[in-house]
Amino acid sequence: DDRFYVGDTGGHVWRVDLAGIDPSGTSPKGDTVVGRLASISTAGGNPPVNERRFFYPPSVVQVLDTEYSNATNGEYDYILLGTGNRANPTDKFVNDRFYGFRDTNITGMTDSDGNNIADDYPRAITVATSNSGPIDHGDLEDVTNSFFDTESGDLGFRDSLGWYIDLSAAGAAGEKVLASADVNNGILIFTSYVPGTEDPDKPCDPVEGNGKAYNLDILSTRAAIDWDTDDPDYNPVSGRSEIVGVGIPSGAIAVFTNEGVTVLVGTGDSAKNLGKVAETPRYETYWNQQ
């Protein structure tokens, strides 16, 4: 591994470019460089609607995309993760979101003064602007009720540093991400939890809420698998999600079979089969340990 990404409960996403292994080195930090890729949370407020937190690791995908981005040679990394406070899953005030951040700095962050902190990462090298520092919502496209459409004539999204889905607007109050996302064959699948509503006539009954699953093509952000079975016509937005069961769902679990890749999600009452996402063939691989 030469670098890793991690989100924190302050709503930041960090990138760390790891130093090369040098057994003769005298400094443990070496030339490791740390940069803040994104910052999407604002603390405070009553209620604290923008106090978003990352609790789970991102899915990181290397991308070659000249259709939906203007990245140099179409090369960038997608950092895919959602917000949600695992310590308070029934909260209904915070407007949680799922994010796809584009990191176009694929060659390594610059540390000109040797303090192990990246210089003006990431915006100074990706966008023709005087701004620098981490990605915020102004650098992102809101695809809550839309997707990247190359036939519309409006191609401004190609210069963006990613996108987000506002879960409170797309689903219900308090919807949040409480698991890591998974990507197979260019299809992003993540789960969310929608807190239930207490019945005033039955205050002692448990309120489990529901689990949802989303699927998106990671480049166009439109539904990759049409789950909107109530609509006879394909809908690239509403077809992205469906209820999978009660309670907090697990993350998407890919199961590799002879027929292809199937995705399962565990819920409070069952395991939900989300169907086949790839016809990827399997190859037998051998190694010899000595």
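Here's a quick rundown of the structure. Every chain's residues receive numbers from 1 upward, in the order its sequence appears when written. Only residues with pLDDT of 70 or above have their local features reported here, since the model is predicted, and side-chain atom pairs are shown and tallied only from 80 upward, although totals for entire chains, interfaces and linings are computed over all residues. The side-chain values count all of the structure's non-hydrogen atoms but skip hydrogen atoms and water molecules.

With that out of the way, let us pick up the overall build of the protein. The number of helices and strands found in the protein is one helix and 15 strands. A compact globule built from 290 residues should have a C-alpha radius of gyration of about 19 Å, and the protein, at 20 Å, falls within 12% of that. A burial count over the protein gives 42% of its 290 residues as buried. It only takes one pair of heavy atoms within 4.5 Å for two residues to be counted as in contact. The contacts in the protein between residues at least 6 apart in sequence include a share of 56% that link residues at least 24 apart. About 15,100 Å² of surface is accessible on the protein, with carbon and sulfur atoms providing 47% of the total. Helix numbering and strand numbering both begin at the N terminus, where a helix is a DSSP run of H or I of at least 4 residues and a strand a DSSP run of E of at least 2. Both definitions apply: the radius of gyration is a C-alpha atom measure, and the globule rule equals 2.2 Å times residues to the power 0.38. Burial classification: accessible surface area is computed with a 1.4 Å probe over protein chains only, and a residue below 20% of its type maximum counts as buried, one above 50% as exposed, and the rest as partly exposed. The protein chains shown are the only cover counted for residues, whose accessible areas, like all others here, come from Shrake-Rupley with a 1.4 Å probe.

Turning our attention to the environment of Gly-268. Relative to the helices and strands, Gly-268 is located in the loop between strand E14 (260-266) and strand E15 (271-278). Separated by 193 residues in sequence, Gly-268 and Glu-75 have C-alpha atoms that sit 40 Å apart.

This brings us to the sheet that holds strand E12 (residues 241-246). Ordered by their spatial adjacency, four strands build an open sheet running E9-E10-E11-E12, and the pairing between neighbours is antiparallel. A strand with exactly one partner marks an edge of an open sheet, and here the two such strands are strand E9 (182-184) and E12. If you compare each strand with its neighbour and ignore which way they point, the axes differ by 25° on average. Taken together, the three bridges between E9 and strand E10 (residues 187-194) define a ladder with antiparallel strand orientation. Looking at the pairing, Asp-182 lines up with Ile-189 of E10. Strands were regarded as paired on the criterion that DSSP finds at least two bridges between them. Inter-axis angles, ranging from 0 to 180 degrees, are taken between N-to-C directions of lines fitted to C-alpha atoms, where helices are fitted over the stretch in contact.

This paragraph deals with the packing of aromatic side chains. For Phe, Tyr and Trp, rings pair up if their centres lie within 6.5 Å, where Trp contributes its six-membered ring, and each pair is then called stacked (planes under 30 degrees apart), edge-to-face (over 60) or tilted (otherwise). Tallied over the full model, the rule gives 10 aromatic pairs. Their ring planes at 70° and their centres at 6.2 Å tell us that Phe-54 and Tyr-99 sit as a pair that is edge-to-face. In this pair, Phe-54 sits in the loop between strand E3 (33-39) and strand E4 (59-64) while Tyr-99 sits in strand E6 (residues 97-103), placing the two residues 45 residues apart along the sequence. By the burial criterion, Phe-54 is buried, and Tyr-99 matches it. Seen in terms of ring centroids, Tyr-78 and Trp-163 are 6.5 Å apart; in terms of plane orientation they differ by 70°. Their pairing is edge-to-face.

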